[in-house]
Amino acid sequence: MKKLLAQNKKARHDYFVESDIEVGLVLQGTEVKSARAGKVSIKESYAEIKGGEVFVVGMHISPFEQAGKNNHNPVQKRKLLLHRREIAKLERAIKQQSYTLIPLSIYLNDKGLIKMLLGLCKGKKKYDKREAIAKRDSDMRIKREIRNRNS
């Protein structure tokens, strides 16, 4: 059973998510305590590959109130844990097909570890977004009509 800590709802609206991968996060103790309390945001974040390592940029974890002067920087780069083969595969996709790595959600897994669902995404154009909204509206109208006819 996974406990959701943060979700990037806008990612599926702004991007086509081709695939996703579960990754671990390297966090300090105060970051873990704030994240477990749900004080984390990934709305403006993305991931980048530098020097064979993957980092998440723009993820905000609020400072832990009881930490005092030993607190962490809320928006620092944080390292993600992946196997070398996975990093090489993602790097090829980013370079060849112009994909972007976007964090989709952060959650606690069954063992109590904080994990991130990282999506390999391609950006949507404006007309794609309008098309998705129109399809969602038409589906809602159809469901409403079916519900009204059945009752």
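Our subject is the structure that appears above.
Everything numeric here is computed off the predicted structure, so don't read it as measured data. (Residues numbered from 1 in each chain as written. Predicted model: local features only at pLDDT ≥ 70, side-chain atom pairs only at ≥ 80, totals over all residues. Heavy atoms only, no water.)

## Section: the overall build of the protein
No. 1: A count of helices and strands for the protein gives four helices and nine strands.
No. 2: Each helix (α) and strand (β) of the protein, taken in turn from the N terminus, gives the series β-α-β-α-β-β-β-β-β-α-β-β-α.
No. 3: Computed over C-alpha atoms, the radius of gyration of the protein comes to 19 Å, more than 25% over the 15 Å expected from 2.2 N^0.38 for 151 residues, which places it beyond the range of a compact globule.
No. 4: Principal-axis analysis of the C-alpha atoms places the extent of the protein at approximately 60 × 40 × 30 Å.
No. 5: Buried residues in the protein amount to 36% of all 151 residues.
No. 6: By sequence separation, contacts in the protein at least 24 residues apart represent 67% of the contacts at least 6 residues apart.
No. 7: About 10200 Å² of surface is accessible on the protein, with carbon and sulfur atoms providing 50% of the total.
No. 8: In the protein, 34 positive and 17 negative side-chain charges are present, and the distance between their average locations comes to 2 Å. (Helix = DSSP H or I, 4+ residues; strand = E, 2+ residues; numbered from the N terminus. Rg over C-alpha atoms; globule rule 2.2 N^0.38 Å. Buried < 20%, exposed > 50% of the residue type's maximum accessible area, 1.4 Å probe, protein only. Contact = heavy atoms within 4.5 Å. Areas by Shrake-Rupley, 256 points an atom, 1.4 Å probe, with all protein chains shown as cover. Lys, Arg positive; Asp, Glu negative; His and termini not counted. Charge placed at Lys NZ, Arg CZ, Asp CG, Glu CD.)

## Remarks on the nonpolar core
No. 1: With 28 residues, the main nonpolar core has Met 59, Leu 80, Ile 106 and Met 116 as its most contacted residues.
No. 2: Excluding anything up to four places from it in sequence, Met 116 contacts Ile 21, Glu 22, Val 23, Leu 25, Val 56, Met 59, Leu 80, Pro 103, Ser 105, Ile 106 and Tyr 107.
No. 3: Ala 11, Ile 102, Leu 104 and Cys 121 belong to the second largest nonpolar core, which has six residues in total. (Core = buried A, V, L, I, M, F, W, Y, C linked by side-chain atoms within 4.5 Å.)

## Examining the environment of Leu 104
No. 1: Here Leu 104 lies in strand β8 (residues 100-108).
No. 2: Overall, the relative accessible area of 4% leaves Leu 104 in the buried class.
No. 3: Placed 84 residues apart in sequence, Leu 104 and Asp 20 show a C-alpha to C-alpha distance of 8.5 Å.
No. 4: Once residues within four sequence positions are removed from consideration, Leu 104 is found in contact with Gln 7, Asn 8, Ala 11, Arg 12, Val 17, Asp 20, Ile 42, Leu 117 and Gly 119.

## Quick look at the side chain of Arg 78
No. 1: Looking at where Arg 78 falls in the secondary structure, it is placed in strand β7 (residues 78-81).
No. 2: Within the local environment of Arg 78, its side chain forms a polar contact with the side chain of Glu 31, the two groups lying 2.9 Å apart.
No. 3: For Arg 78, the side chain forms a polar contact with the main-chain oxygen of Gln 76, separated by 3.0 Å.
No. 4: Filtering out sequence-adjacent residues up to four positions away, Arg 78 remains in contact with Val 26, Leu 27, Glu 31, Val 54, Phe 55, Val 56, Met 59, Ile 61, His 72 and Asn 73. (Polar contact = N/O pair within 3.5 Å; in protein donor to acceptor, adjacent residues only side chain to side chain.)

## Examining the packing of aromatic side chains
No. 1: Under the counting rule described, the total for this entry stands at zero aromatic pairs.
No. 2: Between Lys 122 and the ring centre of Tyr 99, over which it is positioned, the NZ or CZ distance is 4.8 Å. (Phe/Tyr/Trp six-rings, centres within 6.5 Å; stacked < 30°, edge-to-face > 60°. Lys NZ or Arg CZ within 6 Å of the ring centre and 35° of its normal.)

## Structural notes on the pattern of salt bridges
No. 1: Scanning all chains against the criterion turns up six salt bridges.
No. 2: Ionic pairing is found between Glu 48 and Lys 77, a salt bridge with its closest N-O pair at 2.8 Å. On the criterion of sequence distance, the pair formed by Glu 48 in strand β4 (residues 46-50) and Lys 77 in the loop between β6 (60-61) and β7 is long-range, its members being 29 residues apart.
No. 3: The class of Glu 48 is buried, set by a relative accessible area of 17%.
No. 4: For Lys 77, a relative accessible area of 44% corresponds to the partly exposed category.
No. 5: The closest approach of N and O atoms between Lys 135 and Asp 139, which form a salt bridge, is 3.2 Å. Of this pair, Lys 135 and Asp 139 both sit in helix α4 (residues 126-150), four residues apart, roughly one helical turn. (Salt bridge = Lys/Arg side-chain N within 4 Å of Asp/Glu carboxyl O.)

In short, shape yes, function no, at least from these values alone.
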